[in-house]
Amino acid sequence: MKCAWRELLAIQPLNLREDVDKLGREDLQEIRLRQGKPVQLICHKQTHWLETSVTTADLNYTINAASRYSPWTAASIAHGYLTAQGGHRIGIAGEVVTRDGQITGIKNVTSLCIRVARDFPGIAKAVGQVNDSLLILGPPGSGKTTFLRDLIRQMADRLCVAVVDERGELFPTGANFMQGKQMDVLSLCDKPRGIDMALRTLGASYIAMDEITSEADCTAMLRAGWCGVGLLATAHAADVHDLYCRPVYRPLVDTKLFQTAVVLRPDKSWKLERMKL
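Residues numbered from 1 in each chain as written. Predicted model: local features only at pLDDT ≥ 70, side-chain atom pairs only at ≥ 80, totals over all residues. Heavy atoms only, no water.

Colleague: Requested: an account of the pairing of strand E10 (residues 161-165), with residues and values cited.
Modeller: Across the five residues that make up E10, a large majority, five, are buried. As defined by bridge partners, E10 adjoins strand E11 (residues 183-187) across five bridges and the pair is classed as parallel. Across the sheet, the residue bridging to Val163 is Val185, located in E11. Where E10 lies against strand E12 (residues 206-209), four bridges are found, and the strand directions are parallel. When the sheet's bridge partners are listed, Val164 is paired in E12 with Met209. (Buried < 20%, exposed > 50% of the residue type's maximum accessible area, 1.4 Å probe, protein only. Helix = DSSP H or I, 4+ residues; strand = E, 2+ residues; numbered from the N terminus. Pairing = 2+ DSSP bridges.)

Structure (structure tokens):
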């Protein structure tokens, strides 16, 4: 297991770092900072509540330390998150700012959900020999990104894989996560444009991306998939049946673009399911 731990500690307010390091180094999954409430550390086997209450200054410190005032980060905040060095994702809650009907940012932040990026080389080894396009399914927090990261690595040891890393979480700068032999990574590029770029210029056997969330994502995947490129992706669904019930994914189901799904279970195990043909 690997984790950009120093980068995670660097975005914590100074008064929290010692407790975070002591209680969470081995298996910390999330840090919840809610204004005026105790800090919550969610670990694999238990949850710790710190006596320290979160202040507005704490929230601002974490946002400023994580964002480094990057223009890309400012744009990502409009989507409710930012990605810190090392691939740690920070979900943001507060007052949503809109302009001409479009969300442009979040101000007066009231809480942050920091999801710790960890790498587990080898967890997808058995799946890496499958030659189908693969869709990884699971609810939020089930480990889809972690599993996809290793699946890409396994595939890239024998085939060329282009990675569209929209949020910089799969193979983040500074995390030193192991990469496969034949990987090409497009970082901080939205999925539809990144898929088209990878298809036209990178000569990939597979294109990989995290979290399909929109019709535009699905449309770009269909263009690539029916040009003979394999696809590796994750989607929010408890299982294959749940996937069929979600309208945004219907094009992927109806066109039979994917034949196989990897379903992640709550106990961190997984199983392969065939899609209905």
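Okay, back to it.
Colleague: Residue-level account of the state of the cysteines, with values.
Modeller: Under the definition given, this model contains zero disulfides. The thiol sulfur of Cys3 is not disulfide-bonded, and the nearest other cysteine sulfur, from Cys43, lies at 12 Å. The thiol of Cys113 is unpaired, and the distance to the nearest cysteine sulfur, on Cys43, comes to 13 Å. The exposure class of Cys113 is buried, given its relative accessible area of 14%. (Disulfide = S-S within 2.5 Å.)

Colleague: Give me the lowdown on the environment of Arg34, citing residues and values where you can.
Modeller: For Arg34, the position within the fold is in strand E2 (residues 28-34). Sequence separation of Arg34 and Thr55 is 21 residues, and the distance between their C-alpha atoms is 8.1 Å. Residues contacting Arg34, with those up to four places away along its chain left out, are Gln40, Trp49, Val54, Thr110 and Ser111. Looking at Arg34, its side chain comes within polar contact range of the side chain of Gln40, at 2.9 Å. (Contact = heavy atoms within 4.5 Å. Polar contact = N/O pair within 3.5 Å; in protein donor to acceptor, adjacent residues only side chain to side chain.)

Colleague: Break down the sheet that holds strand E5 (residues 81-83) for me, with residues and values.
Modeller: Backbone-to-backbone hydrogen bonds pair the strands of a sheet. The strands run either parallel or antiparallel. Strands sit in the order E4-E3-E2-E7-E6-E5 across an open sheet of six strands; the sheet is antiparallel. In this open sheet, the two strands that pair with only one neighbour each are strand E4 (47-53) and E5. Averaged over all neighbouring strand pairs, the angle between strand axes comes to 35°, with direction disregarded. Note that strand E3 (residues 38-43) and E4 share four bridges and pair antiparallel. Of the residues in E4, the one forming a bridge with Leu41 is His48. Each of E2, E4, E5, strand E6 (89-99) and strand E7 (102-115) touches helix H3 (residues 56-67); the most contacted strand, E7, lies at about 105° to it. (Axes fitted to C-alpha atoms, helices over the stretch in contact; angles between N-to-C directions.)

Colleague: Any chance you could break down unusual backbone geometry for me, citing the residues and the numbers?
Modeller: Positioned with a positive phi, Asp100 is a non-glycine residue whose angle comes to about 55°. Its identity is not glycine, yet Glu211 carries a phi of approximately 55°, on the positive side. Looking at the secondary structure, you find Glu211 in the loop between E12 and helix H7 (215-225).

Colleague: Explain the packing of aromatic side chains to me, using residue names and the numbers behind them.
Modeller: For the structure on display, the rule yields one aromatic pair. A ring pair is formed by Phe147 and Trp270, whose centres lie 5.8 Å apart and whose planes are at 65°; its orientation type is edge-to-face. With a gap of 123 residues between them, Phe147 in helix H5 (residues 144-155) and Trp270 in strand E15 (residues 270-274) connect regions that are remote in the sequence. (Phe/Tyr/Trp six-rings, centres within 6.5 Å; stacked < 30°, edge-to-face > 60°.)

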